[in-house]
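One letter stands for each residue in the lines below.
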Amino acid sequence: MPLTSAAVKTLPPESAGYPRSMRNPLASASPARIPSNDGIFPCLLGDDQLLVQCREPGRLLGSVRFGTGSGLADGGNVIPQVRLPLGQLGDKPLAEVWMSSAPVLHGRLGELVYGADGNVLFGFIQLPEIGGASPEQLAYQAYSQLLSATQELGYPHVTRIWNYLSGINRSLRGLERYQRFSLGRFQAFEEFGFCFDGDLPAASAIGIPYPDCGLWVYFLAQRWPGMHLENPRQVSAYRYPSQYGPKSPSFSRATLVTTGCEQQLYISGTASIRGHETV
């Protein structure tokens, strides 16, 4: 079964070899220095730095924490704060933080919380696996809410999605749980009129080692379309043969977007696939 993976990269502060949007503006102990160009950018922050951003969240789209961490409160603001039950390498707890150079508004639609800066939307939804809900049902529910929210809020072009599913490789009624997840995701994209050969965003699906704890999905979307890219040495995931499941995984290999004056490439993180086989 082809697998996908994702990793958080630590970017060197103010490295001359990196474009401005890839430098970490919060690497020092000084207050955040927001770049003058329009756009969004990720950085890695410790608890003290993240707490400052949560107290004054005018530029904070959302954050992602791995491991137990300290569990920072959002001060009454609706801020997407993803807390994943996965260990983090290294001794110092760090959060993956998505910042904007433009003012950010936060809100909630149903079970989905979001931050938006007028051009880009960061959203998060977590669905527990209760009442016997299958990965197929969870994926369909999460993606239906996700796609409905992006359309309602005016950010219809999804660029990158991160999926975390408990027991992703376990078997459930004759199918791998990832295959069942793919069924629900496919159905939601189909119902919202997505073209599978051109509209699908970059994405990854990662397993959580705890049983029956549900599905976490966070994503980026924007007002304008990006360019979804494929690898000519690989069969597109949405064209995989039926041996990988009743419905193919619904993602592109990468999505290229323009934010402000610069371009960003969101990579799906697919494993070593040639054609459709793992090598």
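Calculation rules
Residues numbered from 1 in each chain as written. Predicted model: local features only at pLDDT ≥ 70, side-chain atom pairs only at ≥ 80, totals over all residues. Heavy atoms only, no water. Helix = DSSP H or I, 4+ residues; strand = E, 2+ residues; numbered from the N terminus. Buried < 20%, exposed > 50% of the residue type's maximum accessible area, 1.4 Å probe, protein only. Contact = heavy atoms within 4.5 Å. Pairing = 2+ DSSP bridges. Axes fitted to C-alpha atoms, helices over the stretch in contact; angles between N-to-C directions. Salt bridge = Lys/Arg side-chain N within 4 Å of Asp/Glu carboxyl O.

*Asks:* Which parts of the structure should I look at to understand the environment of leucine 94?
*Replies:* Inspection of the secondary structure assignment puts leucine 94 in the loop between β3 (81–84) and β4 (95–100). The class for leucine 94 is partly exposed, based on a relative accessible area of 24%. A sequence separation of 47 residues divides leucine 94 from aspartate 47, and the C-alpha atoms of the two residues are 6.9 Å apart. Non-local contacts of leucine 94, meaning those with residues more than four positions away in its chain, are made with Leu44, Leu45, Gly46 and Gln88.

*Asks:* For this particular structure, what's the right way to read the sheet that holds strand β5 (residues 105–109)?
*Replies:* The pairing of strands in a sheet happens through backbone hydrogen bonds and is either parallel or antiparallel. In space, the six strands of this open sheet follow the order β5-β6-β7-β12-β8-β11, with mixed pairing throughout. Edge strands, defined here as strands with exactly one partner in the open sheet, are β5 and β11 (202–208). Taking the axes of each pair of neighbouring strands and ignoring which way they run, one obtains an average angle of 15° across the sheet. As defined by bridge partners, strand β8 (residues 157–166) adjoins strand β12 (residues 215–222) across eight bridges and the pair is classed as antiparallel. Considered in β12, the bridge of tryptophan 162 is made with tyrosine 218.

*Asks:* Explain the pattern of salt bridges to me, please; I cannot follow it from the model alone.
*Replies:* Two side chains of opposite charge can pair, provided their charged atoms sit close to one another. Inspection of the entire model under this criterion finds three salt bridges. Note that glutamate 136 is salt-bridged to arginine 180, the shortest N-O span being 3.8 Å. With glutamate 136 in helix α2 (residues 135–153) and arginine 180 in helix α3 (residues 177–191), the pair connects residues that are 44 residues apart, well separated along the chain. Residue glutamate 136 is classed as partly exposed on the basis of its relative accessible area, which comes to 26%. Overall, the relative accessible area of 11% leaves arginine 180 in the buried class. With a shortest N-O distance of 2.5 Å, aspartate 197 and arginine 239 are connected by a salt bridge. In this pair, aspartate 197 is assigned in the loop between α3 and β11 and arginine 239 in the loop between β13 (227–229) and β14 (254–259), connecting sequence segments 42 residues apart. The partly exposed category is assigned to aspartate 197, whose relative accessible area is 46%.

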